[in-house]
Amino acid sequence: MSSPALLPVSSRRLASLNPSSPVSFYPHHRATLRLSEKFILLLILSAFITLCFGAIFFLPDSSKHRRFDLGLQDVLIPHVERGRPAGRDGSAGPRGGGVMVHGGGEEHQHRHREEEEQLREMIRADHERALEEAKEKLKKSKDQIHAEIQTEKNRVAQDMKKREGKQLPRVPIPKPVGINNGDPGDPDIKEKQEKIKEMMKHAWGNYRQYAWGHNELKPLSRKGHTTNIFGNSQLGATIVDALDTLYIMGLLDEFRDGKEWIEKNLDFSVNAEVSVFEVNIRFIGGLLAAYYLSGEEVFKQKAAQLAEKLLPSFNTPTGIPWAMVNLKSGVGRNWGWASAGSSILSEFGTLHLEFVHLSFLTGDPIYYKKVLHIRKLLQKMDRPNGLYPNYLNPRTGRWGQHHTSVGGLGDSFYEYLLKAWLVSDKTDTEARKMYDDAMQAIEKHLIRKSNTGLTFIGEWKNGHLERKMGHLTCFAGGMFALGADGAPDDKAGHYLQLGAEIAHTCHQSYDRTVLKLGPEAFKFDGGTEAVALRQNEKYYILRPEVIETYWYMWRFTHDPKYRQWGWEAAQAIDKYCRVVGGFSGVKDVYSSSPAYDDVQQSFFLAETLKYLYLLFSSDDLLPLDYWVFNTEAHPLPVLRSKNTTLSGNVVFQ
């Protein structure tokens, strides 16, 4: 018998009317009941309510129902609220017996069990139907979210196109690399070109044999070498950096070896903390150039994968990126030696060319947006004497130590202002104005003539000019020549002349050494001119900047002295830096028997040998009307203003 506690409230109240005569609710006692019609209606109503709630709380506790119990109220309660009965006749009861309404015997109980089972089946069907509806709603919700994301991306792209009333430039179909690999025609020049090609094969072949897959080669030790700029991980920096040089020289077997390694082994998901700047100019720049030259999709895909890994470096309060980022975790930081935890001008200012091309190739404006934000921030800041200091705190947005240099820490920032204008097909007038304003301040405060008339670019430190020029600064001769076209106030001739004067000064820094190779830095103090005085400035690490300026000056003037100076440098490198296992830097260019540093830098293959090869090639090999070289000498095509297609895909209509 059911406990009185299980009776409906109305039944318990009825029993309490005659405590001395207990009332039974089983069928054989029906003749003894004398209830009014009103109480019978109340009884039926109470039974109806009990059975409805029993259907909710006393269904079989199967795993099928438990799986959806979080949504049970949403499925069942709305039916009750709409007046829909839980069962066909409104009857329900606790599992295995309990309270029943009057009438019937075994037949009634059998029918009641059938109705219970039917009720359960209907509720199960409701569960399944509700689940399908929920899945459909969830699917629609995901589709709506994706649609909203795409709409927002499209909106950002449209906003960028409308900025300042200009559209973003389009990706062009690159012009041919050259005719017959830039055959210069002159047999003597052709012989020099072939010599440079042989030097490239020596450098690459030894790397291939002794350090394959490592970042760089130790040519004396004949083993792999890496530095903290690559996170001490094996990313094959020399392979990526050298690809376009191999292709330009027509060394296609070597190029295919590099491509195969990249397809199978180049992985950016490693737990490695790398330099954002170095990885951008060497890896992203190298991969993009290889893609544009060869059309091989793997290079574009790898460049996009790496770029995605660099984006977390921009997660700073100002949007100025950290100097280093962990490729796996995305955690960024700055160099410990940088002024007050600052980011470095030449590093965060040397991303524009590669990131613009990434946006055009991927269709994602995020890369262009990141570098444009850097430019906008710099435009708003006060600049002492119109100069850009080398350090900027990414947390506060304030300059660090007031040190300005066109050499290390500052150099390629100015180069990229000019080249942002060039790569835009000379439509990015904002970049050009920033470049011209900076050159005006540099001429006024940093460029001087020595006692014997050598033009040099000093460094501004702590309110005074330091009369020292670095090897890195020697790129500026080529930069001034490259920027002559489009210069304000008919200053084209002036800038070309300035480039020639800097080229001459840098040649003197080579010519005044025993090895005929330039030191890392040289002074203009008193009677000392274009000579290194400190031991830690006398080394040469296969740098390209002086040869880079020779090449630009040759392209713009065709003065034969630039080829002559370049050939002198090539012979000196081959004589003093060549070893059995490759090419090594030397520690003292003023010593007739210098010690080696035992490192074959990846930029030696990417830049030094490439500029030498171009110097002894015809001008149709990578013409400057169609190509812009990043600061690692990786050629990227000018982005023409008309709609064009690349590899069959329309980019940014």
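Look a little higher up for the structure.
Since the structure is predicted, the reported quantities are computational estimates derived from the model, not experimental observations.

Q: Account for the overall build of the protein, naming residues and giving values.
A: Across its full length, the protein holds 20 helices and 20 strands. Residue burial in the protein is summarised as follows: out of 653 residues, 53% are buried. Long-range pairs, those at least 24 residues apart, make up 69% of the contacts in the protein with a sequence separation of at least 6. Here the protein displays about 29,400 Å² of accessible surface, and carbon together with sulfur accounts for 52% of that area.

Q: Can you break down the environment of Leu378 residue by residue, with the values?
A: Along the chain, Leu378 turns up in helix H13 (residues 366-380). Look at Leu378 and you get buried, because its relative accessible area is 1%. C-alpha separation for the pair Leu378 and Gly349, spaced 29 residues apart in sequence, amounts to 9.8 Å. Among residues more than four places away in sequence, those in contact with Leu378 are Phe348, Arg383, Tyr388, Leu392, Trp399 and Phe413.

Q: Can you lay out helix H8 (residues 252-265) for me, pointing to particular residues and giving the numbers?
A: Its 14 residues place the ends of H8 20 Å apart at the C-alpha level, agreeing with the 20 Å of an ideal helix rising 1.5 Å per residue. Among all positions in H8, only Phe255, Gly258, Lys259, Trp261 and Ile262 are buried. The arc enclosing the buried residues of H8, seen along the axis, measures out at 160°, which places them on a common side. Pointing more than 90 degrees away from the buried face of H8 are the exposed residues Asp253 and Lys264. Those residues of H8 that are buried are in contact with helix H6 (187-210), helix H7 (237-248), helix H9 (276-294) and helix H10 (297-310).

Q: Let's hear about the environment of Asp183: which residues, and what values?
A: Here Asp183 lies in the loop between helix H5 (106-162) and H6. Sequence-wise, Asp183 and Gln193 are ten residues apart; in three dimensions their C-alpha atoms are separated by 8.6 Å. Here the side chain of Asp183 touches Gly185 through a polar contact of 2.9 Å, landing on its backbone nitrogen.

Q: Could you give an account of the packing of aromatic side chains, naming the residues involved and the relevant values?
A: Enumeration according to the criterion identifies 27 aromatic pairs in this entry. When the centroid spacing of 5.6 Å and the interplanar angle of 85° are considered together, the rings of Tyr562 and Trp565 count as edge-to-face. Note that Tyr562 and Trp565 are positioned in helix H19 (residues 560-576) at a spacing of three residues, about one turn of the helix.

Q: Let's hear about the pattern of salt bridges: which residues, and what values?
A: All told, the structure shown has 33 salt bridges when counted by the stated rule. Measuring nitrogen to oxygen at the nearest pair gives 3.0 Å for the salt bridge that ties Glu260 to Lys264. Taken together, the residues span about one helical turn, with Glu260 and Lys264 both in helix H8 at a distance of four residues. Looking at Glu260, the relative accessible area reads 37%, which means it is partly exposed. By sharing partners, the salt bridges in this structure join Lys195, Glu198, Asp574 and Arg578 into a single network.

Q: Which residues make up the state of the cysteines, and what values do they have?
A: Counted under the stated rule, the structure contains one disulfide. Between Cys474 and Cys506 runs a disulfide, and the two sulfur atoms are separated by 2.0 Å. Every disulfide takes its handedness from the sign of the S-S torsion; for Cys474 and Cys506 that torsion is -95°, giving left-handed. Remark: Cys506 occurs in helix H17 (residues 492-511) and Cys474 occurs in the loop between strand E13 (468-470) and helix H16 (476-482); sequence separation between them is 32 residues. As far as burial versus exposure is concerned, Cys474 and Cys506 are alike and both buried.

Q: Before we move on, can you summarise the sheet that holds strand E8 (residues 403-404) with the specific residues and values?
A: What the three strands build is an open sheet, ordered E8-E11-E12; its pairing is antiparallel. Lying at the two open borders of the sheet, with one neighbouring strand each, are E8 and strand E12 (464-466). Note: strand E11 (residues 459-461) against E12, three bridges, orientation antiparallel. Paired with Trp460 across the two strands is Leu465, which belongs to E12.

Q: Would you mind going over the sheet that holds strand E4 (residues 324-326) in detail, with residue names and values included?
A: The three strands are arranged E3-E4-E5 in an open sheet whose pairing can be described as antiparallel. In the strand order of this sheet, the two ends are held by strand E3 (273-275) and strand E5 (332-333), each with one partner. Examined bridge by bridge, E4 and E5 share two bridges and lie antiparallel to one another. What sits directly across from Met324, in E5, is Arg333. Lying over the sheet, H9 contacts E3 and E4, oriented at roughly 70° with respect to E3.

Q: Any details on the layout of surface pockets? Residues and values, ideally.
A: Over the atoms rolls a probe the size of a water molecule, and in doing so it shows where empty space is left. By volume, the largest pocket is sized at about 1,300 Å³. Surrounding the largest pocket, 46 residues form its lining, Glu278, Gly408, Leu472, Glu520 and Arg543 being those nearest its centre. Elements that contribute at least two residues to the lining of the largest pocket include exactly H9, helix H11 (345-348), helix H14 (411-423), E11, E13, helix H18 (545-557) and helix H20 (602-615). If one sorts the elements of the lining of the largest pocket by residue count, H9 sits on top with four residues. Of the residues contributing to the lining of the largest pocket, the split by class is 15 nonpolar, 14 polar and 17 charged.

Q: Which residues make up unusual backbone geometry, and what values do they have?
A: The backbone of Asn232 sits at a positive phi, close to 55°, despite the residue not being glycine. Inspection of the secondary structure assignment puts Asn232 in the loop between strand E2 (223-225) and H7. What makes Asn232 exposed here is its relative accessible area of 55%. If you check the backbone angles, Asp489 has positive phi at about 55° while not being a glycine. With respect to the element layout, Asp489 can be found in the loop between H16 and H17. The class of Asp489 is exposed, set by a relative accessible area of 71%.

Thresholds, definitions, all that
- Residues numbered from 1 in each chain as written.
- Predicted model: local features only at pLDDT ≥ 70, side-chain atom pairs only at ≥ 80, totals over all residues.
- Heavy atoms only, no water.
- Helix = DSSP H or I, 4+ residues; strand = E, 2+ residues; numbered from the N terminus.
- Buried < 20%, exposed > 50% of the residue type's maximum accessible area, 1.4 Å probe, protein only.
- Contact = heavy atoms within 4.5 Å.
- Areas by Shrake-Rupley, 256 points an atom, 1.4 Å probe, with all protein chains shown as cover.
- Expected span 1.5 Å × (residues − 1).
- Arc of directions from axis to C-beta.
- Polar contact = N/O pair within 3.5 Å; in protein donor to acceptor, adjacent residues only side chain to side chain.
- Phe/Tyr/Trp six-rings, centres within 6.5 Å; stacked < 30°, edge-to-face > 60°.
- Salt bridge = Lys/Arg side-chain N within 4 Å of Asp/Glu carboxyl O.
- Disulfide = S-S within 2.5 Å.
- Pairing = 2+ DSSP bridges.
- Axes fitted to C-alpha atoms, helices over the stretch in contact; angles between N-to-C directions.
- 1 Å grid on protein atoms, 1.4 Å probe; cavity = no way out; pocket = protein on both sides within 12 Å on 5 of 7 lines; lining within 4 Å.
- Points joined across faces, edges and corners; volume = space filled by probe spheres on them.
- Nonpolar A, V, L, I, M, F, W, Y, C, P; charged D, E, K, R; others polar.

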